[in-house]
Amino acid sequence: MRTIIIFLMFSTNILAQEIIGIPKIVDGDTIYINNYKIRLEGIDAPEMKQKCKKPFLQIMFFNFQKDYDCGLISKKKLIQKIGNKPVKCILLGKDRYKRYLAKCLKDSLDLNRWMVRNGYAVAYRKYSK
């Protein structure tokens, strides 16, 4: 597997880094491209073993809910969306766990935004637009 690293210099002398490669999906908001552990910036997906609740029956004023594996579903949906295609991640910094924070794209599709818009992650309002 080949990873491409591109350095871009902007007029403000800020160095931006792009990493391109076929990712290994860890969960709904974390991927690896070779040795780079990348967190999708501005979103939070359920943890792998996390259970969520969804309504399955409503009778008058009673709602019956059941648990489902929302963390596993989030990861599977990201895997399905990416397929075995390369992803381009624009690195924006590091988090407190030393993971790279990035906006990641499959072709021109913003994967961070796609995960939130399709209900597989939530937006970190504090850190994202």
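Computed from a predicted model, the values in this text were never measured in an experiment.

Caption draft 1: Broad picture of the pattern of salt bridges. On inspection of all chains with the given rule, the structure shows six salt bridges. Among the ionic pairs, Arg39 bridges to Asp29, the shortest N-O distance being 3.4 Å. Of this pair, Arg39 sits in strand S5 (residues 36–40) while Asp29 sits in the loop between strand S3 (24–27) and strand S4 (30–33); the two residues are ten residues apart in sequence, bridging distant segments of the chain. Judged by its relative accessible area of 10%, Arg39 is buried. Take Asp29: its relative accessible area is 2%, and that puts it in the buried class. Ionic pairing is found between Asp44 and Arg39, a salt bridge with its closest N-O pair at 3.4 Å. According to the relative accessible area criterion, Asp44 is partly exposed, its value standing at 25%. Beyond isolated ion pairs, a larger network of salt bridges with shared partners links Asp29, Arg39 and Asp44.

Parameters and conventions
- Residues numbered from 1 in each chain as written.
- Predicted model: local features only at pLDDT ≥ 70, side-chain atom pairs only at ≥ 80, totals over all residues.
- Heavy atoms only, no water.
- Salt bridge = Lys/Arg side-chain N within 4 Å of Asp/Glu carboxyl O.
- Helix = DSSP H or I, 4+ residues; strand = E, 2+ residues; numbered from the N terminus.
- Buried < 20%, exposed > 50% of the residue type's maximum accessible area, 1.4 Å probe, protein only.

These results come straight from atomic positions and should not be treated as a statement about function.
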